[in-house]
Structure formats: C-alpha cells, structure tokens
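Observations on chain architecture
The primary structure of each chain is shown beneath.
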Amino acid sequence: MPNRPLNRVCYVEDDEDIQRIVKLSLEKVGKMTVELVGDPTRAIDAIKAFGPDLVLLDWMMPGMDGPTLFRRMKEQPETQALPVVFITAKAAQTDLSELAALGAAGAISKPFSPKDLPDQLRAIWAKLP
C-alpha cells in the first residue's frame with residue numbers, strides 16, 4: 001500500500017464531457033488535483049511535466065488508444081513505474097487481463113458514478129504495492 005494519499009491524477013481522455021465529469025468528481029468529491037490531457041499523442045510529455053501519483057487512461061481515443069499509450073509509458077523511465085487505471089466501456093476481460101499482466105493497476109467501467117469514482121480509485125490505490 002502506498003505510504004502517501006492519492007492527490008494528483010493525470011487523466012487522458014478525448015471526450016470533453018467525460019473530462020469535465022471526471023475532473024469535477026475527483027476535485028470536488030475526491031479533493032484531488034487533476035490534469036486533463038485531450039491528445040494521447042502529447043500525453044507522455046504532459047504526464048512527465050505534471051508528475052501525477054496515478055494516470056487514468058481512456059481505452060478508445062483517436063490517434064492512439066489507451067493500451068498503446070500505456071505500452072509507450074512503460075518504455076519511458078519517467079513514466080514506467082506510474083500506476084495506470086483504465087476507464088472503459090468496451091474492454092473485454094482478455095484485454096484487461098493482458099494489461100494487468102503488463103502492470104496496469106486496474107480498470108473502471110463506463111458508465112461509472114461520479115460520486116463513487118474517487119473511492120473506486122482510492123481502493124485501487126490502496127492495493128498497490
């Protein structure tokens with residue numbers, strides 16, 4: 001279990017409506033600082049600059065999907081150890097199992113409850129080594 005609270009989350013998502021819901025949920029309910037990144041091709045630089053505790057990745061995005069971005073993060077020394085949680089409506093259990101094997105911290109299914117999202121993230125955070 002990490003010895004510090006979950007305070008800083010970087011969320012990579014191309015849908016502005018979902019960005020707003022998640023940011024509001026995590027900032028107002030969860031009291032976290034949230035950095036939004038709308039373009040997955042710019043995400044790694046943004047993640048390095050922000051220095052989050054955890055990265056939330058959308059599964060389906062134009063330009064680069066979440067699993068591809070996750071694999072690229074694993075190739076970068078500054079981002080390879082960051083916990084990653086996927087938010088997805090479409091991922092099959094086999095996909096999620098593969099990502100867990102690569103080191104993904106967890107997944108949250110869409111639709112999710114904005115009031116429960118911070119607790120869902122903290123539950124995943126609490127299980128991390």
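Our structure is the block above this text.
What comes next concerns the included structure. On a predicted model such as this, the values are computed, not experimentally measured, just so you know. (Residues numbered from 1 in each chain as written. Predicted model: local features only at pLDDT ≥ 70, side-chain atom pairs only at ≥ 80, totals over all residues. Heavy atoms only, no water.)

**Structural notes on helix α3 (residues 66–74)**
Restricting attention to buried positions, one finds in α3 the residues Gly66, Pro67, Leu69, Phe70 and Met73. Taken down its axis, α3 places every buried residue within 160° of arc, on the same side. Where α3 is buried, its residues touch β1 (8–12), α2 (43–50), β3 (54–58), β4 (84–88) and α4 (93–102). (Buried < 20%, exposed > 50% of the residue type's maximum accessible area, 1.4 Å probe, protein only. Helix = DSSP H or I, 4+ residues; strand = E, 2+ residues; numbered from the N terminus. Arc of directions from axis to C-beta. Contact = heavy atoms within 4.5 Å.)

**Comments concerning the packing of helix α1 (residues 16–29) against helix α5 (residues 117–127)**
The relative placement of two packed helices is expressed as an angle between their axes plus a distance between the axes. Between α1 and α5, whose axes approach to 8 Å, the crossing angle comes to 75°. With respect to α5, the element α1 is oriented roughly perpendicular. Of the residues in α5, those in contact with Val22, Ser25, Leu26 and Val29 of α1 are Leu117, Pro118 and Leu121. In the contact of α1 with α5, the residues fall into 6 nonpolar, 1 polar and no charged. (Axes fitted to C-alpha atoms, helices over the stretch in contact; angles between N-to-C directions. Parallel < 35°, antiparallel > 145°, perpendicular 65-115°, else oblique. Nonpolar A, V, L, I, M, F, W, Y, C, P; charged D, E, K, R; others polar.)

**So, the nonpolar core**
Judged by nonpolar contacts, the single largest core of 21 residues is most densely connected at Val12, Val55, Leu57, Leu69, Met73 and Phe86. Of all elements in the fold, only β1, α2, β3, α3 and β4 reach the threshold of two or more residues within this core. Per-element accounting of this core gives the leading share, 4 residues, to α2. The contact partners of Met73, leaving out residues within four places of it in the chain, are Ile44, Ile47, Val55, Thr79, Gln80, Leu82 and Val84. Counting residues in each nonpolar core, the second largest holds 18 residues, with Tyr11, Val22, Ile124 and Trp125 among its members. (Core = buried A, V, L, I, M, F, W, Y, C linked by side-chain atoms within 4.5 Å.)

**Side note on α5**
Among the residues making up α5, those that are buried are Leu117, Pro118, Leu121, Ile124 and Trp125. The buried side chains of α5 occupy one side of the element, clustering within an arc of 125° when seen end-on. Away from the buried face of α5 by more than 90 degrees, exposed residues Asp119 and Lys127 are located. On its buried face, α5 sits against α1, β3, β4 and β5 (106–109).

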